[in-house]
Amino acid sequence: MMYKIPRGTFDILPADSVKWQYVKDIFRKVAASFGYSEITTPIFEMAELFERSSGENSDVVQKEMYRFSDQKGRNFALRPEGTAPVVRSYVENHMDKSGARSKLFYMGPMFRYDRPQAGRYRQFYQYGIELIGSNHPYFDAEVIAIEMNFLKALGLKELRLEINSVGCANCAKDYDEALREYYRPHLNDLCPDCQKRYQQKPRRLLDCKVPSCKVFRKAAPSQLDYLDEDCRLHFAEVLKYLDTMGIAYKVNPAIVRGLDYYTNTAFEVIVDALGAQNSIAGGGRYNALIAEIGGKDTPAIGFAGGFERLLLALEKEGVTLPETVRPKVYAVAIGEEARRAILPILQTLREAGFYAEYNPEKTSFKAQMKAADTSGADYAIILGEDELAQGKLILKNLRDSVQISLDPAEVLHNLSQ
RNA sequence: GUGGGUGUAGUUCAACGGCAGAGCACCGGAUUGUGGUUCCGGGCGUUGUGGGUUCGAAUCCCAUCACCCACCCCA
């Protein structure tokens, strides 16, 4: 084979397309039920947008971004995530000046140069929600409710919602300090990765999987004990709203978001059956981001979910999704004359919106009937020499094998019932 | 970026140094116009790719690519 698809990418073939379309439709409907509107941004942006928003030393910026420069030497990156572009658009289009809240959703491909694995790709598809312009704790719960309603509408059951608060910048700084203080005496016992985490992102120390590092975890200070009064109150309110809305959750102080812009609420939806890449959605509040990239200081909350992992989870749970569309009728025509006469009838059916299938390459009656059957069509319309002579045709129900003879003009009426 | 596993027909898998096979799927047929069950017939596929060892390689060795698993990271 001469040409191969790039590593970590995949084709969505027709059989799968139907499923993707279905899942996307449901997401659009659920988002609409909360009054969110779709926003579509380019798949590449100035590289600096992501460097600035995600954090210079985040993994995404340091080693996972697809960068390129164009003919004029401008530095771009294929978007590794969806929030920064939406916020860029929000600011660029002066939505921050109107004072109104923006309730937005998006979906589309994201790109990260990473080692492919089950549920992890270099081009992957995300859906996301952004509510920009309110710090009200109700909206933290609303945004989570959108995701949970969506998953419920699809029929996914084996999942858990984990939630945490990382506080505002001040709380986070205090907490990082407390963590460093706690870990300092053990520094030499930590794995090399954790030595780095100690410097760069102390909170990551908490979810290390190395046994010798894990032992320090249970006595470690908790983020929740380092929230200031406002942050503590906000978090308590969010949880109360979730309770009221009937959304089950588990508070997990170890939940950490990968990108630098998160504040306060952080959450993740986890499906254990997926293995190592078990997070199907994650998000949180990002009150500092809008100002960070040049807009008016504006609070916001959002999340992003991965379609591939979602589809995988649905498959593992045995949820059935729509398959390829089957014909309503399959045309069976015998003889030269009938094979021409069938065409205007098919045209009438198609104009009425029915999927009518015909294959001129099969000529024998048997072969055509067989094809009608394997196509999964509900009906066969049969036009042979006898019918042609009588000006009739046969409408055969392929489910119960009942067939009737009728005028061609009556077919449409019969199918519409 | 690190470590491990696997690549054979459209697909799921055999063959593990000696002629590359089977199930499913697909196509055709079982006397003149009726599908689903049954029966019969239909397979040269660069054994992922490129080297090497050998009289002989799908099989052993090396490299490379891809996928899978774990780390890392995250959706």
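Counting restarts for each chain: residues are numbered from 1 in the order of the written sequence. Both sets of labels track the order of writing: A upward for chains, 1 upward for ligands. With the structure being a predicted model, the display of local features is reserved for residues of pLDDT at least 70 and the display and counting of side-chain atom pairs for 80 or more, all residues being used for whole-chain, interface and lining totals. The basis for the side-chain values is all heavy atoms of the structure; hydrogens and waters are excluded.

**Student:** What am I meant to see in the pairing of strand β11 (residues 300–306) here?
**Tutor:** Within β11, seven of the seven residues are buried, which leaves it mostly tucked inside the rest of the structure. Relative accessibility under 20% of the residue-type maximum defines a buried residue, over 50% an exposed one, and the middle range a partly exposed one, all with a 1.4 Å probe and only protein chains included. A helix here means a DSSP run of H or I that spans at least four residues, while a strand means a run of E at least two residues long, and both kinds are numbered starting from the N terminus. Residues A300, G302, A304 and G306 point to one face of β11 and I301, F303 and G305 to the other, with burial holding for every one of them.

**Student:** So what exactly am I meant to see when it comes to the packing of helix α6 (residues 137–154) against helix α10 (residues 229–244) here?
**Tutor:** Only the stretch in contact is used when fitting a helix axis, every axis being a line fitted to C-alpha atoms; angles between N-to-C directions are given from 0 to 180 degrees. Between α6 and α10, whose axes approach to 8 Å, the crossing angle comes to 45 degrees. In terms of orientation, α6 lies oblique with respect to α10. Considering how the two elements wind past one another, α6 and α10 form a crossing that is right-handed. Here α6 contributes P137, Y138, D140, A141 and I144 to the contact with α10, which in turn contributes H234, E237, V238, Y241 and L242. Here is the rule for angles: anything less than 35 degrees is roughly parallel, anything more than 145 is roughly antiparallel, 65 through 115 is roughly perpendicular, and the remaining ranges are oblique. Put simply, a crossing is left-handed when the front helix is turned counterclockwise from the back one by less than a right angle, and right-handed when it is turned clockwise. Note on contacts: a residue pair is in contact if any heavy atoms of the two residues lie within 4.5 Å.

**Student:** Explain helix α13 (residues 336–351) here, please?
**Tutor:** In an α-helix, one full turn covers 3.6 residues, which means residues spaced three or four apart are oriented alike. To estimate how far a helix should extend, the number of its residues minus one is multiplied by 1.5 Å. Its 16 residues place the ends of α13 24 Å apart at the C-alpha level, agreeing with the 22 Å of an ideal helix rising 1.5 Å per residue. For α13, the elements touching its buried residues are β12 (329–333), β13 (356–357), β14 (379–383), α15 (385–390), β15 (393–397) and α16 (411–416).

**Student:** I keep staring at the confidence of the model for chain A and nothing clicks. Help me out?
**Tutor:** Caution is warranted with low-pLDDT regions, since their predicted coordinates should not be read in detail. Chain-level statistics for chain A give a pLDDT mean of 91 and a share of 99% at 70 or above. Here the predicted complex carries an ipTM of 0.85, next to a pTM of 0.90. The quantity called pLDDT is the predictor's confidence in a given residue, expressed from 0 to 100.

**Student:** Would you take a moment to explain the environment of L274 for this structure?
**Tutor:** Structurally, L274 can be placed in the loop between β9 (263–270) and β10 (279–285). Here the alpha-carbon distance between L274 and F303, two residues 29 residues apart in the chain, equals 20 Å. Residues contacting L274, with those up to four places away along its chain left out, are I280, R309, L312 and A313.

**Student:** Can you walk me through the protein's contact with RNA strand B in this structure?
**Tutor:** Lining the immediate surroundings of RNA strand B are 48 residues, of which A118, R204, S279, D386 and S401 lie closest. Polar contacts, as counted here, are pairs of nitrogen or oxygen atoms within 3.5 Å of one another; within protein the pair requires one atom able to donate a hydrogen and one able to accept it, and residues that are adjacent in sequence qualify only if both atoms are side-chain atoms. One nitrogen or oxygen atom from the side chain of R112 is found 3.2 Å from a sugar or linking oxygen belonging to RNA strand B. E385 places a main-chain nitrogen or oxygen 3.0 Å from a base oxygen of RNA strand B. Every element with two or more residues in the surface near RNA strand B is listed here: α3 (59–64), β6 (123–132), α8 (192–200), β10, α12 (307–316), α14 (365–375), α15 and β15. Take the surface near RNA strand B: its biggest share by element is five residues, from α14. Amino acid classes used here: Ala, Val, Leu, Ile, Met, Phe, Trp, Tyr, Cys and Pro are nonpolar; Asp, Glu, Lys and Arg are charged; the rest, including Gly, are polar. Taken together, the residues that form the surface near RNA strand B break down as 13 nonpolar, 11 polar and 24 charged. Whether a residue is near a molecule or strand depends on its heavy atoms: if one lies within 4 Å, it is near.

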